[in-house]
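Here's the letter readout for the chains.
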Amino acid sequence: MTTIKKLLVANRGEIALRVMRTCREMGIKTVAIYSEADRNALHVRYADEAVCVGPAASAESYLKGDVIIDVCKRLGVDAIHPGYGFLSENARFSQMVKDAGLIFVGPSPESIEVMGSKLAAKAAVATYNIPMVPGTPSAIADREEAKVISAKIGYPVLIKASAGGGGKGMRVVENEAEFDEQMDRAVSEALSAFGDGSVFIEKYVTSPRHIEIQILGDQHGNIIHLFERECSVQRRHQKVVEEAPSAILTPEIRAEMGRCAVDVARACGYYGAGTVEFIVDDQLNFYFLEMNTRLQVEHPVTEQITGIDLVKQMIYIAEGKPLTIQQDDLQIKGHAVEVRVYAEDPANNFLPDVGTLETYVRPQGNGVRVDDGFEQGMEIPIYYDPMIAKLITYGADREEAIQKMIRAIDEYQITGLQTTLPFCRFVMEHDAFRSANFDTRFVSLYFSPDVLKPVVDQDEEELAAVLGAFLLDTQKPAQEATATTTQPRSRWKEKRLS
Ligand code: ADP
């Protein structure tokens, strides 16, 4: 067992700050790295020491593993926390960290390697009793054979990149006629995104819900799960709203999914914090999708309902300490919801809208948590993911957490750029979300930019005409004018977002 005294966060933005806050609570000194574009970033100011590692492009700064390791040696750092994204799931980097005699706050390079490939992950868990989506067990070598298998499974099927992530290289095939076209697209997308064109086929689960289990494992073989998060509200297979617990799981299914997640972790000798993702159909059958070998963006909702600081546990595990929490100690308390606030314009196909945060006032109050990395006046750089913040609310039950979220969204003041907040409010108010009767198709089924526009109906247009006439005719006695405007006003319809 070692004690970490100085930790470098190989990341930026909200996650760098989030990790450093826990370090400060634990008496661990922090080192930030930053690119030239992040010179004035909050994570740089928060750290005890900060080092510029290169130009704005992440390939020349945040992804420069060797430069980061050199910084650690120079500054006497003993551990690296990779956050999410960047080098967090790079087995080679974690091996380099280990070889340099430093601690990688995360799993072993071997676990990252196995789980980094969806096909290798499936193979690794094959001897455990884990439900899998029907499909091809290995990469497709022969298209004609793949078509035969798809016909047997039954369309629609999904073509997926084995090295996939972030929803890339994934194509739904509705029928055999479009098989070749979608296959070509999936392969070329996988090649350009991951440099690996191997793809496989899964049955497309209809009415799919994305439910994932948080796990923690120590270096002594103890593994526990911290229940589930539901991340079914997605845009292009990317999560936008998350909650814990899921509104639809029964205690029995939860326990069974928890058991499977722990077994998946066991199958790859896992230690650290990790997430086992499942897809759940409308009959509540669940199937293993993949394991993410890092801290997830949506981890705060689990922290809120369990009271456990996941970063603190990751650090203890990296120090070689055995877990002090046992499965039976854990229980779900209350409900938490998270929305991702992006500098994107939901009224304009979610195009990035980076710029300056002219006004930036966070919501506050009981049960409201904002994980962000910006202050008023700062610019959202164009070089990185345009997430401004994660807004998390916590309540005694789901309804309370949602009510708090609507209140918090209304209080969040951001000007200077468009954000996804109006879209998030739309989700919170929607009947399908409120009644928990939704799946990953929520956005495509219910959202169009029009729902964010104020309702302008004929009555309003009539009223505008009458008011215009009134303003032009200000010579007339006031009483007459009032009489003219009263009648249409009584028919003024309330503006609604949904
Ligand atoms: P990535 O690693 O690219 O995020 P995942 O395997 O985690 O890919 O899947 C991302 C999302 O794609 C899931 O949350 C779900 O919405 C959808 N998805 C994945 N597999 C299936 C499937 N077999 N059937 C239906 N939807 C799926």
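Rules used throughout
- Residues numbered from 1 in each chain as written.
- Predicted model: local features only at pLDDT ≥ 70, side-chain atom pairs only at ≥ 80, totals over all residues.
- Heavy atoms only, no water.
- Helix = DSSP H or I, 4+ residues; strand = E, 2+ residues; numbered from the N terminus.
- Rg over C-alpha atoms; globule rule 2.2 N^0.38 Å.
- Buried < 20%, exposed > 50% of the residue type's maximum accessible area, 1.4 Å probe, protein only.
- Contact = heavy atoms within 4.5 Å.
- Areas by Shrake-Rupley, 256 points an atom, 1.4 Å probe, with all protein chains shown as cover.
- Salt bridge = Lys/Arg side-chain N within 4 Å of Asp/Glu carboxyl O.
- Axes fitted to C-alpha atoms, helices over the stretch in contact; angles between N-to-C directions.
- Parallel < 35°, antiparallel > 145°, perpendicular 65-115°, else oblique.
- Left-handed = near helix turned anticlockwise from the far one by under 90°.
- Nonpolar A, V, L, I, M, F, W, Y, C, P; charged D, E, K, R; others polar.
- Near = heavy atom within 4 Å.
- Polar contact = N/O pair within 3.5 Å; in protein donor to acceptor, adjacent residues only side chain to side chain.
- Domains from an automatic or database assignment.
- Pairing = 2+ DSSP bridges.
- UniProt positions renumbered as here; feature names shortened; annotations may be inferred.
- Core = buried A, V, L, I, M, F, W, Y, C linked by side-chain atoms within 4.5 Å.

The name given to the protein in an unreviewed UniProt entry is Acetyl-CoA carboxylase biotin carboxylase subunit, and the organism recorded there is Arsenicibacter rosenii.

Asks: A description of the overall build of the protein should follow, citing residues and the corresponding values.
Replies: Along the backbone of the protein there are 17 helices and 20 strands. For 498 residues, the compact-globule estimate of 2.2 N^0.38 gives 23 Å, and the protein sits close to it at 25 Å. By principal-axis analysis of the C-alpha atoms, the protein measures approximately 90 × 60 × 45 Å. Residue burial in the protein is summarised as follows: out of 498 residues, 55% are buried. Intrachain contacts of the protein at a sequence separation of at least 6 include 65% that bridge at least 24 residues. On the protein, roughly 21,800 Å² of surface is accessible, and the fraction owed to carbon and sulfur atoms is 49%.

Asks: So what's going on with the pattern of salt bridges? Which residues, and what values?
Replies: Enumeration over the complete set of coordinates arrives at 37 salt bridges. Here Asp-372 ties to Arg-362 by a salt bridge, and the two come within 2.6 Å at their closest N and O atoms. With Asp-372 in strand S18 (residues 368-372) and Arg-362 in the loop between strand S17 (359-361) and S18, this residue pair connects regions lying ten residues apart in the sequence. Residue class for Arg-362 comes out partly exposed when judged on its relative accessible area of 27%.

Asks: Tell me about the packing of helix H1 (residues 13-25) against helix H11 (residues 310-318), residues and numbers included.
Replies: As a packed pair, H1 and H11 sit with axes 9 Å apart at the nearest point and diverge in direction by 65 degrees. In terms of axis orientation, H1 runs roughly perpendicular to H11. In this structure, H1 crosses over H11, and the sense of that crossing is right-handed. In this structure, H1 contributes Arg-18, Val-19, Thr-22 and Cys-23 to the contact, and H11 contributes Leu-310, Val-311, Lys-312 and Ile-315. For the contact of H1 with H11, the per-class residue count stands at five nonpolar, one polar and two charged.

Asks: So what about the side chain of Thr-393? Which residues, and what values?
Replies: Among the structural elements, Thr-393 can be located in strand S19 (residues 387-395). For Thr-393, a relative accessible area of 0% puts it in the buried group. Beyond its immediate sequence surroundings of up to four residues, Thr-393 is in contact with His-335, Ala-336, Val-337, Gly-367, Val-368, Ala-401, Lys-404, Met-405 and Ala-408.

Asks: Quick one: what's the story with the site of the ligand, residue by residue and with numbers?
Replies: By nearness alone, 22 residues border the ligand, and Lys-118, Gly-167, His-210, Gln-234 and Glu-290 come closest of all. Lys-118 places a polar side-chain atom, nitrogen or oxygen, 2.5 Å from an oxygen atom of the ligand. Between the ligand and the protein, one listed contact pairs an oxygen atom with a backbone N or O atom of Gly-165 at 3.5 Å. Compared with its free state, where it exposes 550 Å², the ligand has 96% of that area covered by protein. Elements supplying a minimum of two residues to the shell around the ligand: strand S6 (157-161), strand S8 (199-203), strand S12 (272-280) and strand S13 (286-292). Across the shell around the ligand, the residue classes break down as eight nonpolar, eight polar and six charged. When residues of the shell around the ligand are assigned to domains, at least three fall in each of domain 2 (134-203) and domain 3 (209-452).

Asks: Give a description of the pairing of S12 that names residues and reports values.
Replies: Among the nine residues of S12, nine are classified as buried, and the element is accordingly described as predominantly covered. Alignment of strand S9 (residues 209-217) against S12, held across nine bridges, turns out to be antiparallel. The residue bridging Glu-212 from the neighbouring strand is Glu-277, located in S12. With six bridges connecting them, S12 and S13 associate as antiparallel partners. Bridge pairing in S13 links Val-280 to Phe-286. Between S12 and S13, which pair antiparallel and follow one another directly, the connecting turn spans five residues, one of which, Leu-284, has a positive phi of 65 degrees.

Asks: Could you give an account of the sheet that holds strand S5 (residues 103-104), with specific residues and numbers?
Replies: Strand order in the open sheet formed by five strands is S3-S2-S1-S4-S5, with parallel pairing between adjacent strands. This sheet does not close on itself; its edge strands, each paired only once, are strand S3 (49-54) and S5. In this structure, strand S2 (residues 29-35) lies alongside S3, joined through five bridges in parallel fashion. The residue bridging Ile-33 from the neighbouring strand is Val-51, located in S3. Strand contacts of H1: strand S1 (6-9), S2 and strand S4 (79-81), with the helix running at about 170 degrees to S1, the strand carrying the most contacts.

Asks: Can you lay out the UniProt feature "domain: ATP-grasp" (unreviewed entry) in the protein for me, pointing to particular residues and giving the numbers?
Replies: Here, UniProt's "domain: ATP-grasp" (unreviewed entry) annotation points to residues 122-319. The span residues 122-319 is 32% helical and 29% strand by assignment, and the distance between its end C-alpha atoms comes to 30 Å.

Asks: If you had to explain the nonpolar core to someone new, which residues and values would you point to?
Replies: Counting 80 residues, the largest nonpolar core has Leu-7, Leu-391 and Met-428 as the members making the most contacts within it. For this core, the two domains that each supply at least three residues are domain 1 (6-105) and domain 3 (209-452). If we skip the residues at most four places from it in the chain, Met-428 touches Val-241, Val-337, Val-339, Ile-402, Met-405, Ile-406, Ile-409, Phe-433 and Arg-434.

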